Structures are given as structure tokens and as C-alpha cells.
Amino acid sequence: MDKPEIMAKIDPVRLGPDSKFQFKCHKGVKCFNQCCRDINIILTPFDIIKLKKRLGLSSEEFLALYTEPQILEKTDLPVVMLKLLDEEGSESGRKACPFVREDGCLVYVDRPTTCRYYPLGVASLSHKEGSDEDEFYFFVHEPHCLGFEEDQNWTVAQWRRDQGVDVHDQINAEWTDLLVRKRSFPPNLQLTEQTKKMFFLVSYNIDKFREFVIESSFLKRYSVDNDTLDKIKADEIELLKFGLKWLKWLLFKEGDFALKASADSAGDDEKV
Ligand code: SF4
Ligand code: SF4
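None of the values given here were measured: they were computed from a predicted structure.

What counts, and at which threshold
- Residues numbered from 1 in each chain as written.
- Chains lettered and ligands numbered in written order.
- Predicted model: local features only at pLDDT ≥ 70, side-chain atom pairs only at ≥ 80, totals over all residues.
- Heavy atoms only, no water.
- Pairing = 2+ DSSP bridges.
- Helix = DSSP H or I, 4+ residues; strand = E, 2+ residues; numbered from the N terminus.
- Polar contact = N/O pair within 3.5 Å; in protein donor to acceptor, adjacent residues only side chain to side chain.
- Contact = heavy atoms within 4.5 Å.
- Near = heavy atom within 4 Å.
- Nonpolar A, V, L, I, M, F, W, Y, C, P; charged D, E, K, R; others polar.
- Phe/Tyr/Trp six-rings, centres within 6.5 Å; stacked < 30°, edge-to-face > 60°.
- Buried < 20%, exposed > 50% of the residue type's maximum accessible area, 1.4 Å probe, protein only.
- Lys NZ or Arg CZ within 6 Å of the ring centre and 35° of its normal.
- Axes fitted to C-alpha atoms, helices over the stretch in contact; angles between N-to-C directions.
- Parallel < 35°, antiparallel > 145°, perpendicular 65-115°, else oblique.
- Left-handed = near helix turned anticlockwise from the far one by under 90°.
- Core = buried A, V, L, I, M, F, W, Y, C linked by side-chain atoms within 4.5 Å.
- 1 Å grid on protein atoms, 1.4 Å probe; cavity = no way out; pocket = protein on both sides within 12 Å on 5 of 7 lines; lining within 4 Å.
- Sits in = over half its atoms within 2 Å of the grid points.
- pLDDT = per-residue confidence, 0-100.
- Points joined across faces, edges and corners; volume = space filled by probe spheres on them.

### Quick look at the pairing of strand β4 (residues 67-72)
Here is step 1 of the chain: Of the pairings in the sheet, the one linking β4 to strand β5 (residues 77-82) comprises six bridges and is antiparallel in character. Each bridged residue has a counterpart across the sheet, and for leucine 72 the counterpart in β5 is leucine 77.
Here is step 2 of the chain: Counting the residues in the hairpin turn of β4 and β5 gives four residues, including lysine 74, whose phi is positive at 70°.

### Some points on the side chain of lysine 52
Here is step 1 of the chain: Considering the arrangement of structural elements, one finds lysine 52 in helix α1 (residues 45-55).
Here is step 2 of the chain: A polar contact is formed between the side chain of lysine 52 and the side chain of glutamate 236, at a distance of 2.6 Å.
Here is step 3 of the chain: Those residues within four positions of lysine 52 in sequence are excluded, and the remaining contacts are Leu57, Ser58, Ser59, Phe62, Ile206, Asp207 and Glu236.

### Topic: the site of ligand 2
Here is step 1 of the chain: Phe23, Cys25, Val29, Cys31, Phe32, Asn33, Cys35, Tyr118, His144, Cys145 and Gly147 make up every residue found near ligand 2.
Here is step 2 of the chain: Grouping the constituent residues of the shell around ligand 2 by class yields eight nonpolar, three polar and no charged.

### Describing the packing of aromatic side chains
Here is step 1 of the chain: This structure, assessed with the given rule, holds 25 aromatic pairs.
Here is step 2 of the chain: Taking the centre distance of 5.3 Å and the plane angle of 70° together, the rings of phenylalanine 218 and tryptophan 246 count as edge-to-face. Residue phenylalanine 218 is found in helix α8 (residues 218-221), and its partner tryptophan 246 is found in helix α10 (residues 236-252); the two are separated by 28 residues along the sequence. Of the two residues, phenylalanine 218 and tryptophan 246, neither departs from the other in class, the shared state being buried.
Here is step 3 of the chain: The interplanar angle of 85° and the centroid separation of 5.4 Å between the aromatic rings of tyrosine 222 and phenylalanine 257 together place this pair among those described as edge-to-face. Of this pair, tyrosine 222 sits in the loop between α8 and α9 (226-234) while phenylalanine 257 is found in the segment after α10, placing the two residues 35 residues apart along the sequence.
Here is step 4 of the chain: Ring pairs connect the aromatic residues Phe209, Phe212, Phe218, Tyr222, Phe242, Trp246, Trp249 and Phe257, which therefore count as one cluster.
Here is step 5 of the chain: Directly above the ring of tyrosine 108 sits arginine 111, whose terminal nitrogen or CZ lies 3.8 Å from the centroid.
Here is step 6 of the chain: Directly above the aromatic system of phenylalanine 252 lies the positively charged group of arginine 181, at a separation of 4.3 Å from the ring centroid.

### With respect to the environment of aspartate 256
Here is step 1 of the chain: Summarising the element assignment, aspartate 256 is placed in the segment after α10.
Here is step 2 of the chain: Distance from aspartate 256 to lysine 245, taken between C-alpha atoms, is 8.5 Å for residues 11 residues apart in sequence.

### With respect to the packing of helix α5 (residues 165-183) against α10
Here is step 1 of the chain: Here α5 crosses α10 at 20°, and the two axes come no closer than 9 Å. One element, α5, and the other, α10, form an angle in the roughly parallel class. Along this stretch, α5 crosses α10, giving a crossing that reads as left-handed. Residue-level contacts link Ile171, Glu174, Trp175, Leu178, Arg181 and Lys182 of α5 to Ile237, Leu240, Leu244, Leu247, Lys248 and Phe252 of α10.
Here is step 2 of the chain: Along the lines of polarity and charge, the residues of the contact of α5 with α10 split into eight nonpolar, no polar and four charged.

### Quick word on the sheet that holds β5
Here is step 1 of the chain: If you walk across this open sheet you meet the three strands as β3-β5-β4, and the pairing is antiparallel. Strands with a single pairing partner mark the edges of an open sheet, and in this sheet they are β3 (42-43) and β4.
Here is step 2 of the chain: Running over the sheet, helix α2 (residues 59-66) touches β3, β4 and β5 and is turned about 85° from β4.

### Comments concerning the nonpolar core
Here is step 1 of the chain: With 53 residues, the main nonpolar core has Phe209, Phe218, Trp246 and Leu247 as its most contacted residues.
Here is step 2 of the chain: Considering each element in turn, this core owes the most residues, 11 residues, to α10.

### Focus on the site of ligand 1
Here is step 1 of the chain: In the vicinity of ligand 1, the residues found are Cys36, Ile39, Cys97, Phe99, Val100, Cys105, Pro112 and Cys115.
Here is step 2 of the chain: With respect to the detected pockets, ligand 1 is housed in the largest pocket.
Here is step 3 of the chain: Residues belonging to the shell around ligand 1 are distributed by class as follows: eight nonpolar, no polar and no charged.

### Focus: the pairing of strand β11 (residues 135-141)
Here is step 1 of the chain: Taking burial as the measure, the seven residues of β11 include six buried ones, the bulk of the element.
Here is step 2 of the chain: Strand direction decides the pairing type here: strand β10 (residues 120-124) and β11, joined by five bridges, are antiparallel. Looking at β11, one finds that leucine 120 is bridged to phenylalanine 139.

### A short note on the confidence of the model for the chain
Here is step 1 of the chain: For the chain, mean pLDDT is 88; residues scoring 70 or higher make up 87% of the total.
Here is step 2 of the chain: Segment residues 126-130: pLDDT under 50, and 10 contacts once partners within four positions in sequence are set aside and those in other chains are kept.

### So, the layout of surface pockets
Here is step 1 of the chain: Of the volumes computed, that of the largest pocket is approximately 690 Å³.
Here is step 2 of the chain: Along the wall of the largest pocket there are 37 residues; nearest its centre are Cys25, Cys35, Tyr108, Arg111 and Cys115.
Here is step 3 of the chain: Looking at the lining of the largest pocket, the elements with two or more residues in it are β9 (104-105), α3 (113-117) and α4 (156-162).
Here is step 4 of the chain: Tallied by class, the residues present in the lining of the largest pocket amount to 23 nonpolar, eight polar and six charged.

Written out as C-alpha cells, the structure reads:
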């Protein structure tokens, strides 16, 4: 599946971790900030956790203010896009990222995964746990981007490390895996609306998911040991990992998630 990507002309060259390229982005380039306009960015779960914390918002507030929902092609799963704003004074109807400012990105340290990858994109061809074999990278060549004319050399692996994208990918890995696997479902195998709703809840509304786990009948239905419970109460990344494990069980009936003897999964229909 294509991981979140900026829509642009995709260079057909398939890149690996050792592929080399020349690129530098800095405030002195003529195109500064041009890549933050008229873009199409799908946000990942870790993006939302970082951005909402940065902005002092709940996940629900962040979703309402800064995102718009979309169904991800070929997966039928709900995702969210960063909501662009009409650019002030633009007669051509351009839209800009809500976080772009004259001197750069307002949320740079917590910028989304797609922004970190740029000018690269990444794609996974198939589901294969723990393997990079089917993952490859490509250039997102936008005509306005002059960074390729600068003189700094990178390998793809160096770029990913430098931009902190490796950490994002690691935390988002199980989520990406769900999307890749769902894409390979035969089209006649449909998820219920409730399962899609749960996918959205875990992926994007982590605060509400915490409430769902702790305050609904979830803990009466599923066996969750005390250690795990303490961890997920204290740490959102642990909560996300837990949620993704649960989704894997919900979608594919895989993993060591255990329903209590007296429970059945019908309770997943509980209102959230
Ligand atoms: S989040 Fe930052 S880097 Fe990404 S598009 Fe917006 S302004 Fe640009
Ligand atoms: S268009 Fe390219 S070089 Fe220009 S600011 Fe964006 S990433 Fe940097």
C-alpha cells in the first residue's frame, strides 16, 4: 500500500535504503514553503498523537479542527487527511497547510510522517511482518522543489534517520500492516461499519479509545493483565500499540487477544 504521500508526479525510479541522492532544504531556497501548499497528506496515528500534544488539544479537538475524513482507496478503511485552508490573498484558489508560516513550519519538531519523508515517498507492496524486502522508496518530484539543485548528499537510510522518519515508521508499523493486509482482502469480504468505527477510534481518537478501554465493559470482556493496564493508562504509545493489537484480532482474528470465557465479541458494538 502506498503510505501517506504528497500527491505529485512520482518518479518511477525505485529506491532502496542505500540509494543516493542530492538534496537540501533551507530557508534560503527560492521555493521555501511551496511544498506546504496544495498538498494531500494522510495522517498516521503517531502523527495525531504528536500534533495534538504539541497543540495542547484532545484527539477529538484536533480531528475536528485540522482533519477531514476519507476512505482509503482499495482498503475501504477510514483515514484522515490534514485539512488545508484557503490561502490568504490567493486569487488562484490555492490552499495551504494550517501550520505553514512565513518562516517555516509551526510544528516542525512534530511534523507529520509525510513531511519528514519529503522529497521521498515510501510504498509497501505486500504484508510481510518484520521484513523490509517489499518496501521501497521513490522521489516525489514536484517541479517547484529546488532542493535537488543543492549540494548535500544522502542515502535514503541517512535521510530517514536525519528526519526521524524511522521512529515514526516503527511506531506506525502495525497500523501500516493492517492497511496493507486489508488491501489484499477479496473485495467481497467486507468489514462491518462497527469494525471500521473501531479502526478509526484506535487509529485517530486515542483519548476516546482510552475512555473506551477503561470506562466501558471492555475490561469485562477481554483479559488484560495489570501490567498492561498500568502501561496503557500511563503511556499513549503503549495504548496505541495495545489498540493495534486489538484491531489485528478484530479484523483478522490473529494474535493473543483473549475474550473472557463469559464474553463474546458482540460487545464490540458498544457505543463509543
Ligand atoms: S506540517 Fe509543516 S512541513 Fe508539513 S505541510 Fe504543514 S507546514 Fe509544511
Ligand atoms: S519545495 Fe523542496 S526545497 Fe523548497 S521548501 Fe519545499 S522541500 Fe524545501
